[in-house]
Amino acid sequence: MDKKQQLKLKQLEEKGYMIPTSSMIKSEKDIIKIRKAAKVNSGLLDYIGENICAGMSTAQIDKMAVEYTHEHGGVCADYQYEDYPKSICTSINDVVCHGIPNDDDILCEGDIINIDATTMVDGYYADASRMYMIGEVSQKARRLVEVTKECLYKGIEAIIPYQSKVGDIGKAIEKYALKNGYSVVKEFCGHGIGYDLHEDPYVYHYDPKIDTVVLVPGMLITIEPMINEGKADVCLEEGDDWTVYTLDGSLSAQWEHTLLIKEDGVEIISR
Ligand code: MF3
Ligand code: CO
Ligand code: CO
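Structure report, in brief. Throughout this document, residue positions are counted from 1 along each chain, in the order its sequence is written. The order in which chains are written sets their letters, starting at A; the order in which ligands are written sets their numbers, starting at 1. Confidence filtering applies because this is a predicted model: local features only for residues at pLDDT of at least 70, side-chain atom pairs given and counted only at 80 or more, and all residues used for totals across whole chains, interfaces and linings. Side-chain descriptors were evaluated using all non-hydrogen atoms of the structure, hydrogens and water having been removed beforehand.

1. Description of the coordination of the cobalt ion (ligand 2)
For step 1, the next point in the chain: Metal donors were taken as nitrogen, oxygen and sulfur atoms no farther than 2.8 Å from the ion, or 3.2 Å where the ion is Na, K or Ca. Water is excluded, so coordination may look unfinished. At 2.1 to 2.4 Å from the cobalt ion (ligand 2) lie its protein donor atoms, namely D116 (OD), D116 (OD), D127 (OD) and E256 (OE).
For step 2, the next point in the chain: Taken together, the six donor atoms coordinating the cobalt ion (ligand 2) and their angles of 57 to 171° define a geometry best described as irregular.
For step 3, the next point in the chain: In the primary sequence, the donor residues of the cobalt ion (ligand 2) line up as D-x10-D-x128-E.
For step 4, the next point in the chain: The metal-metal distance between the cobalt ion (ligand 2) and the cobalt ion (ligand 3) is 3.3 Å, with D127 serving as a donor to both. In these descriptions, tetrahedral denotes four donors with every angle between 85 and 135 degrees, square planar four donors and octahedral six donors with opposite donors over 155 degrees apart and the rest between 65 and 115, and irregular any other case.

If you want it as structure tokens, here you go:
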């Protein structure tokens, strides 16, 4: 952090703002490396988009992810993260997140699926997820997928460097989701990223109604709203301890980007 930014943070603190800790602010050198990880990660999500189709198993997508990532000098960071058994997350229809790739989940025409990938290159991390629609999907599924993407962008647009707080992101997302008749999953949030997959701060996707840190240049965070068609409640698959479903069986969607806060705004580095 340069002197100028240190002074700005001090002034914000004096005004009563909660300021980020030093590990939440990355150096230019760090940012170059995180960009590299983000590039491989988004290349992977593009590659999956070119190949995903009905009849494919989620295990096949996992295999594609491992091969692509290794060929591009990265590592799939989800693998063995807190004992997670696979390399990406594949969450179909009413699965909210952390769906585990396997041979028995075969994609069908009309399915919506979130693929969430985290890539580590040279010790630095980037994380993003997208929704994929398999063949012709219903109007209501398409609308959920589109509105959820808009929720992510509402969150991104709420970021004003040195001015907005992390809680403003969630406030914007929640407002937009509710306006569209959907609900926001509260059990999972976005996060700081860079030196590790999950770092502080917590990035809420709803109004946390508590004070949160101000967003300043050099911070890298993810925003990754999980939006349900029906109620917000979720449940965990007891058999595998990972897969999260909507409790009412309604559809769920999610989009995620890794974002870099800069002096003049925000950059989506996982595009
Ligand atoms: N990519 C996820 C995130 O957005 C993390 C997945 S953790 C896993 O934070 F272990 F389930 F893969
Ligand atoms: Co992710
Ligand atoms: Co994430």
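Back to the text.
2. Here's the deal with helix α1 (residues 3-14)
Residues three or four positions apart in an α-helix share a direction because the helix packs 3.6 residues into each turn.
For step 1, the next point in the chain: When the terminal C-alpha atoms of α1 are compared, their 17 Å separation across 12 residues agrees well with the 16 Å that a helix rising 1.5 Å per residue should span.
For step 2, the next point in the chain: Summary of the burial criterion: residues with accessible area below 20% of their type's maximum are buried, those above 50% are exposed, and those between are partly exposed, where the area comes from a 1.4 Å probe applied to protein chains only. Counting from the N terminus, the helices are the DSSP runs of H or I reaching at least four residues and the strands are the DSSP runs of E reaching at least two. For α1, the set of buried residues is Q5, L9 and L12. Axial view of α1: buried residues confined to an arc of 60°, hence all on one face. Opposite its buried face, α1 presents the exposed residues K3, K4, L7, K10 and E14, each directed more than 90 degrees away. A helix is expected to span 1.5 Å for every residue after the first. Here the arc refers to the set of directions running from the helix axis out to each C-beta atom.

3. With respect to the coordination of the cobalt ion (ligand 3)
For step 1, the next point in the chain: Coordination of the cobalt ion (ligand 3) by the protein is provided by D127 (OD), H191 (NE2), E224 (OE) and E256 (OE), with metal-donor distances spanning 2.0 to 2.1 Å.
For step 2, the next point in the chain: The coordination sphere of the cobalt ion (ligand 3) comprises six donor atoms, whose angles at the metal cover 51 to 162°; the geometry is irregular.
For step 3, the next point in the chain: Linear spacing of the donor residues for the cobalt ion (ligand 3) on their chain is D-x63-H-x32-E-x31-E.

4. A closer look at the layout of surface pockets
Space left empty within the atom packing is revealed by a probe, the size of a water molecule, rolled over the atoms.
For step 1, the next point in the chain: Looking at the largest pocket, its volume works out to about 520 Å³.
For step 2, the next point in the chain: Here a cavity denotes grid points, spaced 1 Å and computed from the protein atoms alone, that fit a 1.4 Å probe unable to get out, and a pocket denotes an open set having protein on both sides within 12 Å along at least 5 of 7 lines; residues with an atom within 4 Å of a point are the lining. Lining the largest pocket are 28 residues; nearest its centre among them are H98, F188, C189, H191 and H198.
For step 3, the next point in the chain: Those elements that provide at least two residues to the lining of the largest pocket are β2 (89-92), β4 (112-121), β7 (190-192) and β8 (199-203).
For step 4, the next point in the chain: Sorting elements by how many residues they give to the lining of the largest pocket places β8 first, with four residues.
For step 5, the next point in the chain: All residues other than Ala, Val, Leu, Ile, Met, Phe, Trp, Tyr, Cys, Pro, Asp, Glu, Lys and Arg, Gly among them, are scored as polar; the first ten of these are nonpolar and the last four charged. Along the lines of polarity and charge, the residues of the lining of the largest pocket split into 11 nonpolar, eight polar and nine charged. Grid points are joined across faces, edges and corners, and a volume is the space filled by probe spheres set on the points.

5. Comments concerning the pattern of salt bridges
For step 1, the next point in the chain: The salt bridge criterion pairs a side-chain nitrogen of Lys or Arg with a carboxyl oxygen of Asp or Glu, the two atoms within 4 Å. The final tally for this structure, using the stated rule, is 10 salt bridges.
For step 2, the next point in the chain: Two residues, K10 and E14, come together in a salt bridge whose shortest N-O distance is 3.8 Å. One end of the pair is K10 and the other is E14, both in helix α1 and four residues apart, which spans about a single turn. The pair formed by K10 and E14 is uniform in burial state, with each residue classed as exposed.
For step 3, the next point in the chain: Between R130 and D46 there is a salt bridge; the shortest N-O distance is 2.8 Å. With a gap of 84 residues between them, R130 in strand β5 (residues 124-133) and D46 in helix α2 (residues 28-51) connect regions that are remote in the sequence.
For step 4, the next point in the chain: One network of salt bridges, in which partners are shared, links R35, K262 and E267.

6. A look at the pairing of β2
For step 1, the next point in the chain: Burial of β2 is two-sided: the residues C89 and S91 facing one way and the residues T90 and I92 facing the other way are all buried.
For step 2, the next point in the chain: Two strands are counted as paired when DSSP detects at least two bridges linking them. Bridge count between β2 and β4: four bridges; the pairing is antiparallel. Of the residues in β4, the one forming a bridge with C89 is D116.

7. Considering the packing of α2 against helix α3 (residues 58-71)
For step 1, the next point in the chain: Interaxial distance between α2 and α3 falls to 10 Å at its minimum, and their mutual angle equals 140°. In terms of their interaxial angle, α2 and α3 are classed as oblique. The element α2 and its partner α3 pack so that their crossing is right-handed. Where α2 approaches α3, its residues V40, G43, L44, Y47, I48 and N51 are matched on the opposing element by I61, M64, A65, Y68 and T69.
For step 2, the next point in the chain: Classifying every residue of the contact of α2 with α3 by side-chain character gives eight nonpolar, three polar and no charged. Here an angle of 0 to 180 degrees is reported between the N-to-C directions of two axes, which are lines fitted to C-alpha atoms, with helices fitted over the stretch in contact. Any angle that falls under 35 degrees is termed roughly parallel, while one over 145 is termed roughly antiparallel, one within 65 to 115 roughly perpendicular, and all others oblique. Two helices crossing with the near one rotated counterclockwise from the far one by less than a right angle form a left-handed crossing, whereas a clockwise rotation gives a right-handed crossing. Pairs of residues are marked as contacts when any of their non-hydrogen atoms sit within 4.5 Å.

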